[in-house]
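Here are the chains, one letter per residue:
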Amino acid sequence: MADNNLFPVFFKVDRLNVLVVGGGNVGVEKVGALLSNCPTARLTIVATWFRPELDALVKDYPHVTVIQKPFSCGDLFGKDLVIAATNDHALNVEIWEKARSCKVLINVADTPELCDFYLGAVVQKGNLKIAISTNGKSPTVAKRLRQVLQECLPDSLDQVLEKLHLIRNRLAGDFTAKVDKLNALTDVLVESETEKH
Ligand SMILES: C[C@@]1(CC(=O)O)C2=NC(=C\c3[nH]c(c(CCC(=O)O)c3CC(=O)O)Cc3[nH]c(c(CC(=O)O)c3CCC(=O)O)/C=C3\N/C(=C\2)[C@@H](CCC(=O)O)[C@]3(C)CC(=O)O)/[C@H]1CCC(=O)O
Ligand SMILES: NC(=O)c1ccc[n+]([C@@H]2O[C@H](COP(=O)([O-])OP(=O)(O)OC[C@H]3O[C@@H](n4cnc5c(N)ncnc54)[C@H](O)[C@@H]3O)[C@@H](O)[C@H]2O)c1
């Protein structure tokens, strides 16, 4: 089986400054993904033109700035993450070069080889979040898996998480004792069929 060397992390985009360059199909899709995960994301969108639905998409979000203008180097100032989603490949490469020299992490939507990170398809059940990547092989399969998992994982998982969180905060004892207790309480989640019968 092929290797997948991507290392998944979960960014707190309400404490990072994110720049999206491009407000077409892909720019709008990436902005939607950021805001549906984090409505308080700190987001700047720069583009020469925007799809009309962008206005409504960002309207009620407090930390979104939309600037209609061509990209310039200064747009990277103070940014932590960049998504280059223009329809101009040479410009996307230029943004990548600038981001690299400023040590800003970048996703170049039309060139996986230039991406420092990929966006994943995201399953959300309250506090539970599962991010899916196919190593860039098939975003469509990532989307389909997201739909399957979103449907088949029970909504009650969030209540399980809330209860376990309460228990976790109330547990006394040293670290090992707490881990043992939490493992015992959640054993049922990994109990095999044969053990159940
Ligand atoms: C998961 C998701 C997250 C998100 O975007 O939020 C995401 N793409 C999604 C949808 C989607 N993207 C594309 C289609 C059309 C069908 C198809 O091509 O399959 C569809 C399907 C659709 O829209 O229905 C086209 C496409 N995508 C990339 C290229 C460039 C290339 O491959 O060269 C092209 C070709 C452009 C062209 O041909 O011109 C590249 C990337 N897309 C990724 C993520 C990263 C790898 C993720 C992974 O490891 O799996 C990566 C590498 C970089 C990045 O974008 O981060 C989101 C699903 C969200 C959801 O619904 O849950
Ligand atoms: N990663 C993904 O998920 C994914 C999915 C589909 C397509 N793509 C790729 O993404 C790219 C963008 O596709 P699209 O459909 O969003 O294009 P689009 O034509 O809908 O939008 C292009 C955007 O780029 C902006 N732009 C162009 N020149 C600019 C400049 N000098 N400064 C600032 N903004 C500028 C335009 O204003 C516009 O908002 C394509 O190359 C496509 O192959 C990636």
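Looking up the protein in an unreviewed UniProt entry gives the name precorrin-2 dehydrogenase, with the organism given as Chitinophaga costaii. In UniProt, the protein has this text filed under Catalytic activity (unreviewed entry): "precorrin-2 + NAD(+) = sirohydrochlorin + NADH + 2 H(+)". In UniProt, the protein has this text filed under Pathway (unreviewed entry): "Porphyrin-containing compound metabolism; siroheme biosynthesis; sirohydrochlorin from precorrin-2: step 1/1."

Our focus in this paragraph is the site of ligand 2. G24, N25, V26, T86 and D110 are the nearest of the 22 residues found near ligand 2. The element best represented in the shell around ligand 2 is strand β2 (residues 42–50), accounting for 5 residues. Partitioning the shell around ligand 2 into residue classes produces 12 nonpolar, 8 polar and 2 charged.

Ordered in space as β3-β2-β1-β4-β5, the 5 strands form an open sheet in which the pairing is parallel. Taken across any chain shown, the strands that pair with only one partner, and hence form the sheet edges, are β3 (64–68) and β5 (105–108). Ignoring strand direction, the axes of neighbouring strands in this sheet form an average angle of 15°. Where strand β1 (residues 17–23) and strand β4 (residues 81–84) come together, 4 bridges link them in parallel fashion. Residue pairing across strands places V18 opposite L81, the latter belonging to β4. Against the sheet, helix α1 (residues 25–37) makes contact with β1, β2 and β4, and its axis sits at roughly 150° relative to β1, the strand it touches most. Contacts between helix α3 (residues 89–101) and the sheet are confined to β1, β4 and β5, with β4 contributing the most and set at about 165° to the helix.

Rules of the game
Residues numbered from 1 in each chain as written. Chains lettered and ligands numbered in written order. Predicted model: local features only at pLDDT ≥ 70, side-chain atom pairs only at ≥ 80, totals over all residues. UniProt positions renumbered as here; feature names shortened; annotations may be inferred. Near = placed C-beta within 6 Å. Helix = DSSP H or I, 4+ residues; strand = E, 2+ residues; numbered from the N terminus. Nonpolar A, V, L, I, M, F, W, Y, C, P; charged D, E, K, R; others polar. Pairing = 2+ DSSP bridges. Axes fitted to C-alpha atoms, helices over the stretch in contact; angles between N-to-C directions. Contact = placed C-beta atoms within 7 Å.

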